[in-house]
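Residue-level listing of the chains:
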Amino acid sequence: MSFYTSVLRPALFRLDPERVHHLAIGLAARAGAVAPLLRAVTAVDDPRLAVTVGGLTFPTPIGLSAGFDKNGDAVASLAALGFGFVEVGSVSAEPSNGNPPPRLFRLPADRALAVAYGVPNAGAAAVSRRLAGQRLPVPLGLNIVGTNRGPGAPVICDDALIAEYMQAARLLAPVSDYLMFNLSCPNTTDGRDFFADPVRLDAWLTALDETDYAPRPSFLKVSPLGGVAMIEQLLEIVGRHRKITGFMFNLPSGKPAGLTTPRAVWERMPGAVSGPPSAALLDDCLVECCRRMDRGRYVLFASGGVSTAADAYAKIRKGASLVALLTALVYEGPGVVRRVTRGLLDLMDRDGVKHISEVVGVDVR
Ligand SMILES: Cc1cc2nc3c(=O)[nH]c(=O)nc-3n(C[C@H](O)[C@H](O)[C@H](O)COP(=O)(O)O)c2cc1C
């Protein structure tokens, strides 16, 4: 048991989850000055873990998933926890209040969260200003989403939504190392199904091809629902275009089967479920996508329930070049980043692996 799990976590879990989230970001934002010192202690500096993707070098494959630092308030401190990359967002072209609270819930029996934030954020212009001049020791990703104007707002037309993504990309590319386009927010009405339509996805990718944002490796975060047919459709459509370097699967909307938390409890919680309960579905998508994609052209990010080195190693063996986590920070505390990263080296030693890239996708036949 760590100090976090024995002392801090019980105290924090007495407070409202969103309040704790804001406290953590506020604290991390103020700790930026000591970040380089902290990183000297936490970072696992070993060339066997360095991953090159889209021309970018990630010192380790273990990073922070989107949703923790939504506005880029605390990137220096978060990088100092020992992450190999930090992803900010989701950020939309226009500011958004997201969904009405309460919108973040704990499911301790499942070591999971139910999240229904609906992508609140300060908007691309404000986030771009905040991150200008920021120099991090690891790649900084910007996760971009359509603006959530709330359930009562008029539906905007396809062209306007596509234009919004491109506007946000133009503003955020100069302050980022890579872009992750979130085409699949499970908690907004527009975001959920829009890009399941092949015509819209093709139009979106055509607009991206034509957009003159600073060249950055660009990835798509897509829905895990839709099975193999949806993955094949995605690969077929993306294959006709130029700018996409890889994929990641988002949380599914709704509640996964087999939760330990009683139905009477989770039924009252809106939103998608993160952490271990969503891992099996996300891993299936990872494997099916890895099996079908051109591995010389695309790479995969993975997330979903990673809290140990074994979890991360398994996802890498199932096709992930990069692994992102978020929920484990809440349940295990900040020390989880170094434990997972160090533990990867132990697993590689056990298996006689000289570089992490040797095992990417080895379990996919
Ligand atoms: C509180 C919370 C907020 C999130 N917000 C976003 C978001 O804004 N954009 C996004 O692409 N994913 C978001 N996610 C999904 C995570 O990036 C990640 O893909 C997912 O939670 C699975 O990883 P985990 O089990 O390690 O949390 C969020 C997840 C959580 C728990």
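Note: the structure precedes this text.
On a predicted model such as this, the values are computed, not experimentally measured, just so you know.

(A) Layout of the sheet that holds strand β7 (residues 140-144). Around the barrel, which closes on itself, the eight strands sit in the order β3-β4-β7-β8-β9-β10-β12-β13 with parallel pairing between neighbours. The sheet shows a mean angle of 30 degrees between the axes of neighbouring strands, taken without regard to direction. As paired strands, strand β3 (residues 62-64) and strand β4 (residues 85-91) are joined by two bridges and run parallel to one another. Counted as the bridge partner of G63 is F85 from β4.

(B) A nonpolar patch on the surface, seen in detail. A contiguous nonpolar patch, built from F3, V7 and L8 and spanning about 280 Å² of accessible area, is present on the exposed surface. Tracing the backbone shows F3 in helix α1 (residues 3-12).

(C) Region of the structure containing the packing of aromatic side chains. Within this structure, the stated rule accounts for 11 aromatic pairs. With centroids separated by 5.5 Å and ring planes inclined at 85 degrees, the aromatic side chains of F58 and F85 adopt a geometry described as edge-to-face. You can see F58 sitting in strand β2 (residues 56-58) and its partner F85 sitting in strand β4, a full 27 residues away along the chain. There is no split in this pair, since F58 and F85 are both buried. On the numbers, 4.8 Å between centres and 75 degrees between planes, the contact of F219 with F301 is edge-to-face.

(D) Looking closely at the side chain of N121. Relative to the helices and strands, N121 is located in the loop between β6 (112-115) and α5 (124-131). From its side chain, N121 meets the backbone oxygen of V119 in a polar contact 3.1 Å long. Side-chain polar atoms of N121 contact the backbone nitrogen of G123, separated by 2.8 Å.

(E) View of the sheet that holds strand β11 (residues 272-273). Spatially, three strands are ordered β5-β6-β11 in an open sheet, and the strand pairing comes out antiparallel. Each end of this open sheet is capped by a strand with a single partner; those strands are β5 (104-107) and β11. Across four bridges, β5 lies against β6 in antiparallel orientation. Residue pairing across strands places R106 opposite L113, the latter belonging to β6.

(F) Structural detail: empty space enclosed by the protein. A full pass over the atoms with the stated rule returns two cavities of 30 Å³ or more. Estimates place the volume of the second largest cavity at around 50 Å³. Forming the boundary of the second largest cavity are F249, L282, D283, L286, F301, A302, S303 and K315. For the lining of the second largest cavity, the secondary structure elements donating two or more residues are α11 (279-292) and β12 (299-302). A per-element tally of the lining of the second largest cavity places α11 first, with three residues. Classifying every residue of the lining of the second largest cavity gives five nonpolar, one polar and two charged.

The rules behind these values
- Along each chain, the written sequence defines residue order, and numbers are assigned to residues from 1.
- Confidence filtering applies because this is a predicted model: local features only for residues at pLDDT of at least 70, side-chain atom pairs given and counted only at 80 or more, and all residues used for totals across whole chains, interfaces and linings.
- Working from all heavy atoms in the structure, the side-chain values ignore hydrogens and water.
- In this description, strands pair whenever DSSP reports at least two bridges between them.
- Strands here mean DSSP runs of E at least two residues long; helices mean DSSP runs of H or I at least four residues long; both are numbered from the N terminus.
- A fitted line through C-alpha atoms represents every axis, and for helices the fit uses only the stretch in contact; the resulting angles, taken between N-to-C directions, go from 0 to 180 degrees.
- Patch members must show over 30% relative accessible area and no salt bridge, and they are joined within 9 Å when carrying like charges or within 5 Å when they are nonpolar side chains of Val, Leu, Ile, Met, Phe, Trp or Tyr.
- Note that accessible areas follow from Shrake-Rupley with a 1.4 Å probe, and for residues the cover is restricted to the protein chains shown.
- Salt bridge, as used here: a side-chain nitrogen of Lys or Arg that lies within 4 Å of a carboxyl oxygen of Asp or Glu.
- Centres within 6.5 Å make a pair out of two Phe, Tyr or Trp rings, where for Trp the six-membered ring is used; the pair is then stacked when the planes are under 30 degrees apart, edge-to-face when over 60, and tilted otherwise.
- Residue exposure (1.4 Å probe, protein chains only): buried if accessible area is under 20% of the type maximum, exposed if over 50%, otherwise partly exposed.
- Two N or O atoms count as a polar contact when they lie within 3.5 Å, although within protein this holds only if one can serve as hydrogen donor and the other as acceptor, and sequence-adjacent residues are included solely when both atoms are side-chain atoms.
- Computed over the protein atoms alone on a 1 Å grid, cavities are sets of points where a 1.4 Å probe fits but cannot get out and pockets are open sets with protein on both sides within 12 Å along at least five of seven lines; a residue lines them when it has an atom within 4 Å of a point.
- Grid points are joined across faces, edges and corners, and a volume is the space filled by probe spheres set on the points.
- The classification used treats Ala, Val, Leu, Ile, Met, Phe, Trp, Tyr, Cys and Pro as nonpolar, Asp, Glu, Lys and Arg as charged, and all other residues, Gly among them, as polar.

All we've got here are geometric facts, nothing functional implied.
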